[in-house]
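Each chain, written out:
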Amino acid sequence: MTVELVGTADRTPRSREFSALYAEVQHFYAQQMRILDGPDAGGWPDTFTEDALFERPPVSAPVRVRAGRTGCVRAGAAREREAGSRLDHWIGMLDVRPQADGSLRTRCSALAYATPGGGGSRVLYVYVMEDVLVPVHGAWRTAHRRVTRDDLA
Amino acid sequence: MTVELVGTADRTPRSREFSALYAEVQHFYAQQMRILDGPDAGGWPDTFTEDALFERPPVSAPVRVRAGRTGCVRAGAAREREAGSRLDHWIGMLDVRPQADGSLRTRCSALAYATPGGGGSRVLYVYVMEDVLVPVHGAWRTAHRRVTRDDLA
Amino acid sequence: MTVELVGTADRTPRSREFSALYAEVQHFYAQQMRILDGPDAGGWPDTFTEDALFERPPVSAPVRVRAGRTGCVRAGAAREREAGSRLDHWIGMLDVRPQADGSLRTRCSALAYATPGGGGSRVLYVYVMEDVLVPVHGAWRTAHRRVTRDDLA
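Every value quoted in this text rests on a predicted model; they were computed, and no experiment measured them.

Here the structure, examined in full by the defined rule, presents 24 salt bridges over all chains. Across the pair A:Arg34 and B:Asp95 runs a salt bridge, and its minimum N-O distance is 2.8 Å. Placement of A:Arg34 in helix H1 (residues 13-37) and of B:Asp95 in strand S3 (residues 86-98) is noted, with the two residues assigned to different chains. Through salt bridges with shared partners, one network takes in A:Arg34, B:Asp95 and B:Arg97.

Listed below in structure tokens is the structure:
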């Protein structure tokens, strides 16, 4: 609201369209990661489609997210939680590429911070996340996720 | 400007509206945190409303931000500054929920990095920040802030 | 798409314009940093203008980016790469100020994470980056970059 736009060429309709999409996707990930890090992460699979696949090469074949969240959570992260640490996932450096079929291909960097009960946060992982997002009843859902460059892989 | 939007359904007016708001809020926080981390953080209370309250349960009752910034700065952060470290606050994973009265309820994750004069940055805190933002003379201001999951609390 | 906007005053055209620009710039940096951290960072100078200058006071006089990327990469970062570590650059806390000549002045915080081959990510740098961006054939390019508060400086 405090912004001054002096002498700047008008953004194109295409740019305005992209902007709306970009904010939607940022907002979607904020919600998905909040659920993942929250006290009840049980709703996390609901941010994926019914048949969503999760890939973490080279560890394993793709797993179905809805078939059980435990299959998707890193063993290391699980150990942190069991040890009483809080996890905070962040995403950033987001790229969004709309596809002809209405889906989106996204790519972002992700961070996970671990914070023990006594304090002393640290970076747990830095990785790259590539998603296919599809609209389901007016909301974005992850249909496919591929996590790479994960040092625990 | 390099974006391709092929075959994507048009964003709704509601989505475009949200996008504009989302960028405004991101921009507001970038400015607020820059002031907080700058050489003269004295202007930081001006990014709050006159009667803004700051809550950090369970440490204390809410404090009035304008009544004195020192009351709102964490003791740990103050110690870092006194020891010659620079602080860098980040926010991310932003959620924005417009309210019927024109205010916004926001929620985000926040990070504070500390960097000693000799180098060697580290994550100092990871916390969650929940704000009520209100428009004041055409600019967003924080009317209420609640910081939680702070390990120094 | 799941957003509710109840009773919020319409964003102004100026706000919508800013939003479009803000998303464009976030997207630009995501691409620029991805190239920088990728397996072939050779394309990184192409995200700058032909005569772009890079400043890192007080180390040296501004260097021309296109004259050789090595001149712009921090010695410390180079050492990390040589030692087998992956680097991940993030930017955040972005400010964008359109100028009368159509260029943009941006300011953001930047982080670099280093991840050794065996795992154990850590924050390598926290710094501030100030750019002048100009449109070149419909895409943003960095015409001038100034990095400050870098502890290796």
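Attention now goes to the sheet that holds strand S3 (residues 86-98) of chain C. Residue and element names in this part refer to chain C. Taken in spatial order, the 6 strands make up an open sheet running S2-S1-S6-S5-S4-S3, and their pairing is mixed. Each edge of the open sheet is held by one strand with a lone partner, namely strand S2 (63-64) and S3. In this structure, strand S4 (residues 104-115) lies alongside strand S5 (residues 122-136), joined through 11 bridges in antiparallel fashion. Directly across from Tyr113, in S5, lies its bridge partner Val123.

Here the focus is the pairing of strand S4 (residues 104-115) of chain B. All names here are of chain B. Of all 12 residues making up S4, 11 are buried, and the element is well covered by its neighbours. Direction of pairing for S3 relative to S4: antiparallel, over a ladder of 11 bridges. Within the sheet, the bridge partner assigned to Leu87 lies in S4 and is Ala114. Between the antiparallel neighbours S3 and S4 lie 5 residues, among them Gly102 with a positive phi of about 90°. Following S4, the chain reverses through 6 residues before pairing antiparallel with strand S5 (residues 122-136); Gly119 in that reversal takes a positive phi of roughly 95°.

Another aspect to go through is the relation of the copies chain B and chain C. Here chain B sits on chain C after a turn of 120° about the axis and a move of 0.0 Å along it, with an RMSD of 0.0 Å. Here the copies are linked by what is in effect a three-fold axis. When each C-alpha of chain B is compared by its distance to the rotation axis, B:Ser19 comes out closest, at 3.8 Å.

Conventions used here
- Residues numbered from 1 in each chain as written.
- Chains lettered and ligands numbered in written order.
- Predicted model: local features only at pLDDT ≥ 70, side-chain atom pairs only at ≥ 80, totals over all residues.
- Heavy atoms only, no water.
- Salt bridge = Lys/Arg side-chain N within 4 Å of Asp/Glu carboxyl O.
- Helix = DSSP H or I, 4+ residues; strand = E, 2+ residues; numbered from the N terminus.
- Pairing = 2+ DSSP bridges.
- Buried < 20%, exposed > 50% of the residue type's maximum accessible area, 1.4 Å probe, protein only.
- Least-squares fit on C-alpha atoms with pLDDT ≥ 70 in both.

Structural measurements only, silent on function.
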